[in-house]
Amino acid sequence: MRSLVILISGRGSNMQALLEANLPVDKITVISNNPNASGLTIAQQHGVETVVIDHRSFPDRESFDTALAEKIDTCKPKLIALAGFMRILSDPFVQHYEDRLINVHPSLLPAFTGLNTHSRVLQEGIKIHGCTVHFVTSQLDHGPIVIQAAIPILPDDTEKTLASRVLQQEHRIYPQAVRWFMLDQLNLSNHCVEVRKTSVNDIVLHSPGLQE
């Protein structure tokens, strides 16, 4: 069974993009650490099973991660996708799901890891920004890269406008990465990802024009 687990903490716009992408999956389960996450309602409206595991009910990160992993394992997922999951995962958790845990990050990794990427690129005067889907490893935002999308930074861009345009591209490339994984088109070797049975234009860099 091609089962997908999506982890969210908030509105879940990337989760929604995945749910609406007609992915080749048999089952989707959405799990949130936040009982008030608006994304839970969206998932339920799509007929998807939702689960809440409130991290505040646990004394530490390790015990929360253990409970989260126990629930995930009952779903027998082929892939776990982080979609705005605002928790730093412990090394044992990441290692348990090695090579089947992915994330989308709002920068062209390995540049601008961590938080506040949009304000940081504006402060640095960067000319090209974007987003990256990557496998999750113990080193934050340094996992093998699956696909990236690039956008130009415009003269009048603000943090808000830049975040909005980057998010549009996240919604395009995240479903593509999940689709490749589910169809066994990704080969991970020596920290590099090879995408089989697709065109070079799809796997190297998606660079939308200004009209995007």
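As a starting point, this report considers the structure included with it. All values derive from a computational prediction rather than experimental measurement.

**Overview of the packing of helix 5 (residues 117-124) against helix 6 (residues 159-182)**
Thought 1: At a minimum axis separation of 9 Å, helix 5 and helix 6 run at an interaxial angle of 120 degrees. One finds that helix 5 runs oblique with respect to helix 6. As for how helix 5 packs across helix 6, the hand of that crossing is right-handed. Residue-level contacts link His-118, Ser-119, Val-121 and Leu-122 of helix 5 to Glu-159, Leu-162, Ala-163 and Val-166 of helix 6.
Thought 2: Looking at the contact of helix 5 with helix 6, its residues break down into five nonpolar, two polar and one charged.

**Overview of the nonpolar core**
Thought 1: Residues Leu-4, Ile-6, Met-15, Val-30, Val-133, Val-146 and Val-178 are the most contacted members of the largest nonpolar core, which totals 42 residues.
Thought 2: With nine residues, the top contributor of residues to this core is helix 6.
Thought 3: Within the second largest apolar cluster, 20 residues are counted, among which are Ile-80, Leu-82, Phe-93 and Val-136.

**Side note on the pattern of salt bridges**
Thought 1: A complete count under the given rule lists four salt bridges for this structure.
Thought 2: Two residues, Lys-27 and Glu-49, come together in a salt bridge whose shortest N-O distance is 3.8 Å. Within this pair, whereas Lys-27 is found in strand 2 (residues 27-32), its partner Glu-49 is found in strand 3 (residues 49-52), the two being separated by 22 residues in sequence.
Thought 3: Here Lys-78 makes a salt bridge to Asp-184, at a shortest N to O gap of 2.9 Å. Taken together, the positions of Lys-78 in the loop between helix 3 (61-74) and strand 4 (79-82) and Asp-184 in the loop between helix 6 and strand 8 (186-189) put the pair 106 residues apart, joining distant regions of the chain.

**Focus on the sheet that holds strand 5 (residues 101-105)**
Thought 1: Pairing in this open sheet of seven strands is mixed, and the strands run 3-2-1-4-5-6-7 from one edge to the other. Each of the sheet's edge strands pairs with one partner strand only, and the pair in question is strand 3 and strand 7 (145-152). Strand-to-strand twist of the sheet, defined as the mean angle between neighbouring strand axes without regard to direction, takes the value 20 degrees.
Thought 2: Where strand 6 (residues 128-135) meets strand 7, seven bridges bridge the pair, whose relative direction is antiparallel. Bridge pairing in strand 7 links Gly-130 to Ala-150.

**What about the pairing of strand 8?**
Put simply, side chains in a regular strand alternate between the two faces of the sheet.
Thought 1: Of the pairings in the sheet, the one linking strand 8 to strand 9 (residues 192-195) comprises four bridges and is antiparallel in character. Bridged to Ser-189 within strand 9 is Cys-192.
Thought 2: Hairpin connection between strand 8 and strand 9: a loop of two residues separates the two successive antiparallel strands, and Asn-190 in this loop has a positive phi of roughly 50 degrees.

**Regarding the side chain of Asp-54**
Thought 1: By the secondary structure assignment, Asp-54 is in the loop between strand 3 and helix 3.
Thought 2: Taking relative accessible area as the criterion, Asp-54 reaches 18% and is therefore assigned buried.
Thought 3: There is a polar contact of 2.9 Å between the side chain of Asp-54 and the backbone nitrogen of Arg-56.
Thought 4: With residues up to four places along the chain from it excluded, the contact list for Asp-54 reads Asn-33, Pro-35 and Phe-64.

**Description of the environment of Gln-16**
Thought 1: Relative to the elements of secondary structure, Gln-16 occurs in helix 1 (residues 13-19).
Thought 2: Through-space distance from the C-alpha of Gln-16 to that of Gly-39 is 7.8 Å; in sequence the pair is 23 residues apart.
Thought 3: In contact with Gln-16, not counting residues within four places along its chain, are Ile-42 and His-46.

Calculation notes
- Residues numbered from 1 in each chain as written.
- Predicted model: local features only at pLDDT ≥ 70, side-chain atom pairs only at ≥ 80, totals over all residues.
- Heavy atoms only, no water.
- Axes fitted to C-alpha atoms, helices over the stretch in contact; angles between N-to-C directions.
- Helix = DSSP H or I, 4+ residues; strand = E, 2+ residues; numbered from the N terminus.
- Parallel < 35°, antiparallel > 145°, perpendicular 65-115°, else oblique.
- Left-handed = near helix turned anticlockwise from the far one by under 90°.
- Contact = heavy atoms within 4.5 Å.
- Nonpolar A, V, L, I, M, F, W, Y, C, P; charged D, E, K, R; others polar.
- Core = buried A, V, L, I, M, F, W, Y, C linked by side-chain atoms within 4.5 Å.
- Buried < 20%, exposed > 50% of the residue type's maximum accessible area, 1.4 Å probe, protein only.
- Salt bridge = Lys/Arg side-chain N within 4 Å of Asp/Glu carboxyl O.
- Pairing = 2+ DSSP bridges.
- Polar contact = N/O pair within 3.5 Å; in protein donor to acceptor, adjacent residues only side chain to side chain.

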